[in-house]
Amino acid sequence: MIGSRVTAVLGPTNTGKTHRAVERMLEHESGMIGLPLRLLAREVYDRITARLGEQRVALVTGEEKRVPRRPQYWVCTVEAMPRNLEVEFVAVDEIQLASHPQRGHVFTERLQGARGTKETWFMGAASMQPMIGELLPAARIQSFPRLSRLAFAGAEKLARLPQRSAIVAFSMQEVYEVAERLRATRGGAAVVLGALSPRTRNAQVAMFQSGEVEYIVATDAIGMGLNLDVKHVAFAALRKFDGRDVRDLEAAEIGQIAGRAGRYTSDGSFGTLAPLTLPQGLANAVEAHRFPAVRRLVWRNADLDTSSIDDLLASLRRSPGRRSLVLQESAEDAAALARLAQDPAIRARAQGREAVELLWEVCRIPDYRKLLFESHVALLAEIFGNLAGPRCFLDEAWMAERVQEIDDPAGDIDTLIARISAIRTWTYVSNQGRWVKDPAAWQERTAAIEDRLSDALHERLVQRFVEKSGGGKARAAQGPTRKAALTRAEARAMDKANPFGKLAALKAPQAREAGGASTDEARWVESVVAARHAAIVVDESGRITVEDGRELGRLVRGSSLLLPDVKLAALELGAGARARITRRLVAFARDLVEELCAPLRAHAPRGLGAAARGILYQLEQGLGTARAEDAAAQIEGLAPEDRDKLAAAGIVVGARVLYVPAMLKGPALSRRSALVAAFAGPRAPRAPGPSVVSMPTTRIAEMSLYTAVGYPVFGPRAVRADVVEKVIAAIEADGGLPPAGKLAGWLGCPAKEAAKVGAALLGEARAEAAAPEPAREAKV
């Protein structure tokens with residue numbers, strides 16, 4: 001896009017590339033970031049919403065769409081980035097994946113065509129610099145040093161690996177074997193596989209991050225930016241199956257994975273599990289972050305001809321026309337299209353541009369199940385047959401039957417992983433809005449099934465790789481005590497000083513007998529984490545509850561009135577679960593502020609002068625109300641056209657107060673009270689009911705706090721902002737202060753206080769001049 005600055009931020013792991021991109025995006029009014037993994041997209045989404053709330057941020061992946069009404073920022077997987085969305089800032093992470101045999105063409109397409117209206121970033125390995133220079137010669141290239149040192153530690157036996165280690169294997173069987181050995185000798189391990197759902201993965205990672213277990217066993221999915229508290233990475237293998245062949249890991253792949261050790265400024269190390277060894281030259285290259293430059297990118301034509309199936313196939317095979325770009329030849333979607341094109345029934349239905357485009361959309365359904373390719377193609381044929389038929393929707397009974405057979409949380413780990421993979425297909429289908437009659441209902445149903453399967457899978461993983469009743473070699477070596485032979489949960493139960501001891505004491509026996517005692521608790525935690533904004537409630541004191549009435553925590557003082565913090569209630573949960581609920585509540589608090597300030601932020605006029613912008617700032621800092629005397633300089637400098645713009649946006653610039661009427665209504669006053677209570681604690685005044693127009697003040701509350709709840713102080717009372725201006729207008733219409741009784745009726749206060757409030761409203765000098773005669777006062 002003309003005028004868009006392009007920057008390539010290249011370098012090794014732990015240089016803060018993704019963090020810098022997120023921070024840069026948030027400096028713009030709107031933005032979109034594409035990430036290589038669904039899990040990483042969710043992690044970044046969680047991080048941003050903890051700062052901004054969920055009402056300003058959208059999450060879009062192949063299987064999950066969380067899109068609020070007016071999002072400013074979009075967090076997506078690279079494949080799911082909306083193409084026609086106009087935002088100021090665009091970023092794509094791990095751009096070196098443009099050389100990946102299966103996915104590379106998508107990254108190359110983004111590299112060549114994805115642009116923000118003002119700025120575009122591509123983040124990735126330094127090995128991409130030659131290709132960036134060739135394809136984007138005007139791009140600015142930035143690099144940053146790694147924030148911590150990465151050192152080669154050689155080969156080490158599993159039993160001697162340091163705590164906070166990640167062991168990386170390249171097949172599920174290898175992962176299981178290593179995790180079983182850690183269970184027997186070191187108390188267990190968390191397990192992270194690419195096939196895990198975000199829910200299971202989050203639960204497993206939470207165990208590791210909170211110290212429930214000290215080891216994590218993972219596939220190479222760990223290398224794509226997932227941020228873990230890992231000090232050492234140990235390779236259990238150096239060969240992997242890449243979808244076609246078993247091959248040696250490339251140096252850059254080893255560097256990407258090893259770089260997960262040592263986050264931020266903490267140094268890390270890497271090595272292998274003995275007897276496996278890493279050549280010293282390769283180890284030196286990883287330490288120095290020196291890898292061969294990428295010289296070829298995978299490319300596929302994005303300008304597709306959908307006039308017919310044959311034209312579509314031909315356009316997919318079009319040559320890139322550049323030596324540094326290699327035609328994509330092994331994509332699943334193109335292979336599925338070629339296979340379906342051999343079916344006469346499919347060809348008969350796929351006549352015309354619209355039908356061919358539908359067929360191509362169906363072919364792009366990912367093969368999550370990874371069974372025989374023929375099985376995947378057969379499913380695609382059935383889906384297309386439904387959609388291309390007279391109904392134009394998937395037959396609900398047909399879809400329900402296939403979904404229902406997946407909804408079974410029984411079985412072992414492999415069975416549950418297979419079912420999660422299967423339900424992902426139907427989640428993807430339900431997120432294609434035109435394919436099903438009631439997309440929202442199907443999305444809710446498939447998500448609920450995935451949640452049930454995920455909870456069961458987490459339970460099985462804990463049973464198999466963490467929970468144990470006997471001591472292993474490592475624990476026996478710690479001493480002959482009873483505690484050394486216990487599970488971690490049992491040891492906690494015996495440790496009275498441990499903050500989770502009480503909970504562990506209750507859970508340990510049930511965990512040994514059933515292994516699933518905490519499943520209901522895990523589901524409740526997930527329901528809170530995934531809860532809609534409206535499902536969480538805050539009262540005027542700042543107490544936060546969920547729909548079932550259970551207290552989650554409360555708002556507490558943060559860095560400012562508009563940035564409250566949260567304090568979790570005394571929930572008997574593990575540290576990982578508490579951290580996730582805390583994140584959700586912080587996001588809720590940000591949404592609370594965004595919702596309250598929406599009349600100011602969403603409808604703020606553009607092109608305002610400095611004085612008008614200053615008024616908007618003061619109103620926001622006062623939660624929708626400001627005293628005119630505090631904004632005197634801005635009011636004096638306010639241009640007439642800006643005053644008109646503010647009035648059109650619903651902002652009242654009065655004689656004594658400035659206010660936003662929409663922020664003085666019942667729900668808004670309640671939110672204001674909650675935010676003020678969080679900031680000021682016991683000193684905080686509370687807004688009365690919406691029908692109450694004034695209230696007495698106390699000595700302990702500052703005047704500014706009354707203004708923040710919408711009731712600025714005049715004399716001995718705090719008066720609702722809109723009533724202040726109405727009373728002043730009425731006084732001026734009457735030509736002076738009315739009798740005390742009449743004024744008291746306007747102000748909703750005792751007659752003995754009315755004169756003082758009126759004097760404060762008009763200012764002392766004006767009040768004396770406008771004061772009524774004593775005799776007239778006596779008649780009232």
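Below, the structure is looked at part by part. (Residues numbered from 1 in each chain as written. Predicted model: local features only at pLDDT ≥ 70, side-chain atom pairs only at ≥ 80, totals over all residues. Heavy atoms only, no water.)

## With respect to the overall build of the protein chain
Then, in step 1: In terms of helices and strands, the protein chain carries 31 helices and 28 strands.
Then, in step 2: Oriented by its inertia axes, the alpha-carbon framework of the protein chain measures out at about 105 × 75 × 55 Å.
Then, in step 3: A separation of at least 24 residues holds for 68% of the contacts in the protein chain among residues at least 6 apart in sequence.
Then, in step 4: Total accessible area computed for the protein chain in this model is approximately 34,200 Å², and 52% of it derives from carbon and sulfur atoms.
Then, in step 5: Separation of charge centres in the protein chain, based on 106 positive and 93 negative side chains, amounts to 4 Å. (Helix = DSSP H or I, 4+ residues; strand = E, 2+ residues; numbered from the N terminus. Contact = heavy atoms within 4.5 Å. Areas by Shrake-Rupley, 256 points an atom, 1.4 Å probe, with all protein chains shown as cover. Lys, Arg positive; Asp, Glu negative; His and termini not counted. Charge placed at Lys NZ, Arg CZ, Asp CG, Glu CD.)

## Overview of the side chain of Thr-219
Then, in step 1: Looking at the secondary structure, you find Thr-219 in the loop between β12 (215–218) and β13 (232–235).
Then, in step 2: With near-sequence residues (within four places) excluded, Thr-219 lies in contact with Val-168, Ala-169, Val-175, Val-192, Leu-193 and Gly-194.

## Focus: helix α5 (residues 172–186)
Then, in step 1: If you check α5, its first and last C-alpha atoms are 20 Å apart, about what 15 residues at 1.5 Å a residue would give, namely 21 Å.
Then, in step 2: Within α5, the full set of buried residues consists of Val-175, Tyr-176, Val-178, Ala-179, Leu-182 and Thr-185.
Then, in step 3: Once α5 finishes, Gly-187 follows within two positions and takes phi at roughly 90°, a positive value. (Expected span 1.5 Å × (residues − 1). Buried < 20%, exposed > 50% of the residue type's maximum accessible area, 1.4 Å probe, protein only.)

## Side note on the pairing of β12
Then, in step 1: Side chains Tyr-215 and Val-217 project from β12 onto one buried face, and the interleaved Ile-216 and Ala-218 project onto a second face that is buried too.
Then, in step 2: As defined by bridge partners, strand β10 (residues 165–168) adjoins β12 across four bridges and the pair is classed as parallel. Each residue of the ladder has a partner; that of Ile-167, found in β12, is Val-217.
Then, in step 3: Two strands pair when backbone bridges link them, and strand β11 (residues 190–192) and β12 are joined in this way by three bridges, in the parallel orientation. Looking across to β12, one finds that Ala-190 is bridged to Ile-216.
Then, in step 4: Regarding topology, helix α6 (residues 198–209) serves as the crossover connection from β11 to the parallel β12, and that connection is right-handed. (Pairing = 2+ DSSP bridges. Right-handed = clockwise from strand over helix to strand, strands pointing away.)

## Concerning the sheet that holds strand β23 (residues 625–627)
Then, in step 1: Spatially, the three strands line up as an open sheet ordered β23-β25-β24, and their pairing is antiparallel. Here the strands that pair on one side only, and so sit at the sheet edges, are β23 and β24 (652–653).
Then, in step 2: Strands β23 and β25 (657–659) of the sheet are contacted by helix α22 (residues 610–621), whose axis makes an angle of about 110° with β23. (Axes fitted to C-alpha atoms, helices over the stretch in contact; angles between N-to-C directions.)

## Section: the side chain of Glu-119
Then, in step 1: Tracing the sequence through the fold places Glu-119 in strand β7 (residues 119–124).
Then, in step 2: Within polar-contact distance, the side chain of Glu-119 engages the side chain of Arg-5 at 3.3 Å.
Then, in step 3: Looking at Glu-119, its side chain comes within polar contact range of the side chain of Arg-24, at 2.9 Å.
Then, in step 4: Among residues more than four places away in sequence, those in contact with Glu-119 are Ser-4, Arg-5, Thr-7, Arg-24, His-28, Glu-88, Phe-89 and Val-90. (Polar contact = N/O pair within 3.5 Å; in protein donor to acceptor, adjacent residues only side chain to side chain.)

## With respect to the sheet that holds strand β1 (residues 5–10)
Then, in step 1: One open sheet holds the eight strands; their spatial order is β4-β3-β5-β2-β6-β7-β1-β8, and the pairing between them is mixed. Whereas interior strands pair on both sides, the edge strands pair on one side only; in this sheet they are β4 (65–66) and β8 (140–143).
Then, in step 2: By the bridge criterion, two bridges tie strand β3 (residues 57–60) to β4 in an arrangement that is antiparallel. Following the sheet pairing, Leu-59 is matched in β4 by Arg-66.

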